[in-house]
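Summary of the model geometry
One-letter residues, chain by chain:
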Amino acid sequence: MFTSFLDESEVLFEFEPLNPEALPLSSEQINQSLDYCRSILDDRKQWQTYLNSLALFGFQNWLEQRSSELIFNLEHPSVEKPELAYFIEAVCNLAVNQFKICLVALGNSITDTISLPRAIFQLPEYRAHYYILIEVQEELETTSIYGFISYSDFQAHKTQIDLEPKADWTYSVPLSWFNTEPDQFLLFVRCLEVSAIPLPEIPNPAILLSQIREELISKLSQLQSSEPGIVPELWQILTWEQGKILFSYPELLRWIYEVQNQAILSAQPISPSHQNPIVYLTDLFNLLTQPTLNLAGWFNQELDTLSTALSWVFIPDFSPETALRDGTEISSLVKQLQENGVEISPQAKGAYRDLGLGGRSLRLYALTWPLEWEIEPEWTLLLILGLPTGTDLPVGVKLRVSDATGILVEQDSNREDQCSYLFTRVVGTCQEKFVVTVSLREDITETLPPFEFSFN
């Protein structure tokens, strides 16, 4: 049975000498650290996330005590995102005076070397100008700064001794490489220009992801076949080159994290995307790798080049207000939806595309319009799937819509409830995309390029 340190009622305390430089953590910071790691079910990673969270708050306390002149951004650290905290045992996405900072927690047992994730040095998204080790005395509820090293110093040491990464995607780094004078770190971030520590530019990984798409789907599918409660590490199923691309996409890391968490706690209710995670994984890759149809262009009475190339047919004279009297097929469908209480804005614009699946012709209508919003712009996508003839859909036809978080809806026509069309409506912000799949059987499927609504 899975057990968690969060559930333990008794904690064994050992004598720890009090570091005079140690700063206390508040009960609020400790509770926040518990919140950060609560959703992670792997006990070892949960514990490391807890220590890293305490290190984050300890670093914040230290900065606030030592300098009121520094501008630091500790908002949205990687520990806030379970999928990052789960796979990268460090705290990334921090900044002090425009220098990117990465924190690593040292626990009670300090040896001559420390194991550091390869990702924080080799992946541009997580690489930092400075790496800082924080001693965490969790039983004493204190932290202290152990030392720091710049990216350029790490590279120099690494080259000098030809340090190679280990098979588990970590470096075993001597603690002697770290500068143990924290005041010098404060001096550097005050006086140096960011350009003094050049970091490699971030390449666009989209082309590489497309190239290894099928390879990654095949390997990630192995996560499902693991024994209950046992989940492999990424380095056990992927090469580092594959892992490098994977780490560039938090959406893929989140999918793996959720699948592995589900394997650990199989008794939890299963969300739609977890019921068939491989199907959703395919949708997710489509969202990340396929060109996107921007439906905002429909309001200029035109289809973009991609829509035209994919044989979408714009409905220029369509208006929900005239749908009751113009006698077209889409107007008939809209009339039926409105009679069943579906609200369709007078601003709605639409197009359709004919699909040939298994020798059958299907027609998919897509209507869209912007919504009234309070915080950020939102839009809606109304999909109607039917036959050009208006007769009943074949049994087994499915309509599925997914976004970056999972499968949102999946409908099918069944023998008991014959219908002439399937419809669904989803709502998103201008940063969200939807991928739509129509299938007749599992092996007769067509996934359309993602839809978005962007004014940029």
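Here, the structure is the one placed above.
Residues numbered from 1 in each chain as written. Predicted model: local features only at pLDDT ≥ 70, side-chain atom pairs only at ≥ 80, totals over all residues. Heavy atoms only, no water.

If you check the backbone angles, Asn93 has positive phi at about 65° while not being a glycine. A relative accessible area of 37% means that Asn93 is categorised as partly exposed. For Asp162, which is not a glycine, the phi torsion comes out positive at approximately 55°. (Buried < 20%, exposed > 50% of the residue type's maximum accessible area, 1.4 Å probe, protein only.)

Turning to the sheet that holds strand β17 (residues 435–441), a few remarks are in order. Reading across from one edge, β15-β14-β17-β18 is the order of the four strands in this open sheet, with antiparallel pairing throughout. Each edge of the sheet is formed by a strand with only one pairing partner; in this case those strands are β15 (406–412) and β18 (444–447). With strand direction ignored, the average angle separating the axes of adjacent strands in the sheet is 15°. In this sheet, β18 lies alongside β17 in antiparallel orientation, the contact comprising four bridges. Counted as the bridge partner of Ser439 is Thr445 from β18. Those strands touched by helix α13 (residues 277–289) are β14 (398–403), β15, β17 and β18, and its axis lies near 60° from that of β14. (Pairing = 2+ DSSP bridges. Helix = DSSP H or I, 4+ residues; strand = E, 2+ residues; numbered from the N terminus. Axes fitted to C-alpha atoms, helices over the stretch in contact; angles between N-to-C directions. Contact = heavy atoms within 4.5 Å.)

Turning next to the packing of helix α2 (residues 43–66) against helix α6 (residues 182–191). Closest axis-to-axis distance for the α2/α6 pair is 12 Å, and the angle between their directions is 70°. Relative to α6, α2 is oriented roughly perpendicular. Taking contact as the criterion, the partners of Phe59, Trp62, Leu63 and Arg66 in α2 are, on α6, Pro182, Asp183, Phe185, Leu186 and Arg190. Residue composition of the contact of α2 with α6, grouped by class: six nonpolar, no polar and three charged. (Parallel < 35°, antiparallel > 145°, perpendicular 65-115°, else oblique. Nonpolar A, V, L, I, M, F, W, Y, C, P; charged D, E, K, R; others polar.)

What follows covers the layout of surface pockets. Considered as a void within the structure, the largest pocket measures approximately 610 Å³ in volume. Taken together, 30 residues form the lining of the largest pocket, with Arg44, Glu89, Ser115, Pro117 and Thr170 sitting closest to its centre. Going through the elements one at a time, α2, α3 (82–87), β4 (99–106), β5 (113–117) and α9 (234–237) are the ones with two or more residues in the lining of the largest pocket. (1 Å grid on protein atoms, 1.4 Å probe; cavity = no way out; pocket = protein on both sides within 12 Å on 5 of 7 lines; lining within 4 Å. Points joined across faces, edges and corners; volume = space filled by probe spheres on them.)

The next point concerns the nonpolar core. The biggest cluster of nonpolar side chains holds 95 residues, and the ones touching the most others in it are Phe59, Ile101, Ile120 and Phe185. Considering every element that reaches this core, the biggest residue donor is α2, with nine residues. In terms of nonpolar packing, the next biggest core, distinct from the first, is built from 34 residues, Leu362, Leu387, Leu393 and Leu448 among them. (Core = buried A, V, L, I, M, F, W, Y, C linked by side-chain atoms within 4.5 Å.)

Across its 24 residues, α2 extends 35 Å between first and last C-alpha, which sits within 8% of the 34 Å expected from 1.5 Å per residue. Of all 24 residues making up α2, 17 are buried, and the element is well covered by its neighbours. Two or three places before Arg44, at the start of α2, stands the capping residue Asp42, its side-chain oxygen 3.0 Å from that residue's backbone nitrogen. (Expected span 1.5 Å × (residues − 1). Polar contact = N/O pair within 3.5 Å; in protein donor to acceptor, adjacent residues only side chain to side chain.)

Let's shift gears to the pattern of salt bridges. Overall, the coordinates contain 12 salt bridges when judged by the stated rule. As a salt-bridge pair, Glu233 and Lys45 come within 3.2 Å of each other at their nearest N and O atoms. One end of the pair, Glu233, is in the loop between α8 (213–220) and α9; the other, Lys45, is in helix α2, with 188 residues separating them in the sequence. The residue Glu214 makes a salt bridge to Arg213 at a minimum N-O spacing of 2.9 Å. Of the residues examined, Glu214 reaches a relative accessible area of 52% and is grouped as exposed. What emerges from the salt-bridge pattern is a single network uniting Asp283, Arg400 and Glu410. (Salt bridge = Lys/Arg side-chain N within 4 Å of Asp/Glu carboxyl O.)

Moving on to the packing of aromatic side chains. Counting across every chain of the model gives 27 aromatic pairs. Residues Tyr86 and Tyr257 carry aromatic rings whose centres are separated by 5.3 Å and whose planes lie at 70° to one another, so their mutual orientation is edge-to-face. Here the residue Tyr86 occupies a position in helix α3, and Tyr257 occupies one in helix α11 (residues 250–264), the gap between them amounting to 171 residues. A connected cluster of aromatic rings, assembled from ring pairs, spans Phe59, Trp62, Phe99, Tyr130, Phe148, Phe185 and Phe188. (Phe/Tyr/Trp six-rings, centres within 6.5 Å; stacked < 30°, edge-to-face > 60°.)

Attention now moves to the sheet that holds strand β13 (residues 378–386). With antiparallel pairing, five strands are arranged side by side in an open sheet as β10-β11-β12-β13-β16. Either end of the sheet is taken by a strand with one partner, and the two such strands are β10 (313–314) and β16 (421–429). Sheet topology note: the strand β11 (residues 349–357)/strand β12 (residues 360–371) ladder contains nine bridges and is antiparallel. Of the residues in β12, the one forming a bridge with Lys349 is Thr368. Most of the contacts of helix α15 (residues 329–339) go to β12, to which it runs at about 65°, and overall it touches β12, β13 and β16.

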